[in-house]
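Structural description and commentary
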Number of protein chains: 2
Amino acid sequence: MATDQLSKVFSALADPTRRDILARLGDGDANVTELAAPFPISLPAISRHLKVLEGAGLITRDRQAQWRTNSLRTESLEEATTWMQHLSHLWDDRFSRLDVHLSAMKQALENTDSDKTDIDKEEDDD
Amino acid sequence: MATDQLSKVFSALADPTRRDILARLGDGDANVTELAAPFPISLPAISRHLKVLEGAGLITRDRQAQWRTNSLRTESLEEATTWMQHLSHLWDDRFSRLDVHLSAMKQALENTDSDKTDIDKEEDDD
DNA sequence: TGGTTAATTAACCCTTATGTTAAATGCATG
DNA sequence: CATGCATTTAACATAAGGGTTAATTAACCA
């Protein structure tokens, strides 16, 4: 199993179901049953996915009554993003061909941060 | 196995050895033996890691003679970074709404003598 | 052709991941 | 206190991941 946090984060993000869950949480907190609804897999499976996300620091969970509210937490995500950008920049520094592409992409994102649709479009639920 | 590209990328990044390899490639192209050198694992293991990285589109490989030059390729990395940033922004957007609420509450708390960080999460959000 | 070097593939082992169903836990309430 | 609802844990099956050593492929060179 992944021992370091970065490995945990990437490992957590490697599953489309978990990415879908995160995207949904980006839209607002939700409990387990609500999160499970759109998926064809069992509740225990979702419960375990949530545990993985929590272990990666990507969500926090709050027991309220018999419900457990799940909330997005972006610190870990940012840590991972930073790592990736650092790598991109290493490469850019050597060849600086992708630099324009990257900057444009970043800028585009910053300009449209209220665009809250279709994060995860590859939908791999079999 | 991960079928979609994004899953493959994150899955590839979930392994510290593979991340180390990528970081090293950020410093310049290298062949398999060179890449394997710093690691305590066998050459076939490294070879397989490289295959995973290639499958995720994170490196390209070029057979030159009996050597295989491995090069970083950042497009996939950027795709993944974009996904993560998008998610972060979704959350930031939501959080900034919450922030107003928090500031108000903080102020209220400062007016009283309480030091508690007992902050309501927004519950009925949509 | 045969030898050397670089890298991969094959066959195997063990651990982890992901799913299932059934049982258990936690909590609210009649 | 029994019942119901939300969620987790247990026990299990199976697939995938990552490592090993041994054998194989590929390219170069004498």
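So, a few notes on the structure that sits alongside this text. Just so you know, these numbers come straight off a predicted model, no measurement behind them.

Conventions and cut-offs
Residues numbered from 1 in each chain as written. Chains lettered and ligands numbered in written order. Predicted model: local features only at pLDDT ≥ 70, side-chain atom pairs only at ≥ 80, totals over all residues. Heavy atoms only, no water. Near = heavy atom within 4 Å. Polar contact = N/O pair within 3.5 Å; in protein donor to acceptor, adjacent residues only side chain to side chain. Helix = DSSP H or I, 4+ residues; strand = E, 2+ residues; numbered from the N terminus. Phe/Tyr/Trp six-rings, centres within 6.5 Å; stacked < 30°, edge-to-face > 60°. Buried < 20%, exposed > 50% of the residue type's maximum accessible area, 1.4 Å probe, protein only. Lys NZ or Arg CZ within 6 Å of the ring centre and 35° of its normal. Pairing = 2+ DSSP bridges. Nonpolar A, V, L, I, M, F, W, Y, C, P; charged D, E, K, R; others polar.

This part covers the protein's contact with DNA strand C. Every one of the 21 residues lining DNA strand C counts as a neighbour, but S42, R48 and H49 of chain A together with T33 and S47 of chain B are closest to it. For DNA strand C, the fraction of atoms within 4 Å of the protein that belong to sugar or phosphate moieties is 72%. A distance of 2.4 Å is found between a phosphate oxygen of DNA strand C and a side-chain nitrogen or oxygen belonging to S42 of chain A. The contact in question runs from a phosphate oxygen of DNA strand C to an N or O atom on the backbone of V32 of chain B, over 3.2 Å.

Moving on, we get to the environment of K8 of chain A. Considering the arrangement of structural elements, one finds K8 of chain A in helix α1 (residues 5-13). A C-alpha to C-alpha distance of 8.6 Å links K8 of chain A and L53 of chain A, two positions 45 residues apart in sequence.

On inspection of all chains with the given rule, the structure shows three aromatic pairs over all chains. Taken together, a centroid distance of 6.2 Å and an interplanar angle of 25 degrees make the contact between F10 of chain A and F10 of chain B stacked. Linking F10 of chain A in helix α1 with F10 of chain B in helix α1 (residues 5-13), this pair reaches from one chain into another. Owing to a relative accessible area of 0%, F10 of chain B belongs among the buried residues under this scheme. Lying over the aromatic face of W83 of chain A, R19 of chain B brings its terminal NZ or CZ to 5.9 Å of the ring centre.

Turning our eyes to something else, we now look at the pairing of strand β2 (residues 68-72) of chain B. All names here are of chain B. For β2, the tally of buried residues reaches four of five residues, placing the bulk of the element in the interior. By the bridge criterion, five bridges tie strand β1 (residues 59-63) to β2 in an arrangement that is antiparallel. Counterpart to I59 in the pairing with β2 is L72.

This next bit is on the environment of A23 of chain A. Residue and element names in this part refer to chain A. One can find A23 in helix α2 (residues 16-25). Given the relative accessible area of 17%, A23 is considered buried. As for A23 and L72, which are separated by 49 residues in sequence, their C-alpha atoms are 9.0 Å apart.

For DNA strand D, the set of nearby residues contains 23 residues, the closest of which are T33 and S47 of chain A together with S42, R48 and H49 of chain B. Protein-proximal atoms of DNA strand D, defined as those within 4 Å of the protein, fall in sugar or phosphate at a share of 76%. A distance of 2.8 Å is found between a phosphate oxygen of DNA strand D and a side-chain nitrogen or oxygen belonging to R61 of chain A. Separating a phosphate oxygen of DNA strand D from a side-chain N or O atom of D15 of chain B is a distance of 3.3 Å. Within the residue set of the surface near DNA strand D, elements represented by two or more residues are α3 (32-36) and α4 (43-55) of chain A together with α4 (43-55) of chain B. By residue class, the composition of the surface near DNA strand D is ten nonpolar, seven polar and six charged.

These figures capture arrangement, not role.
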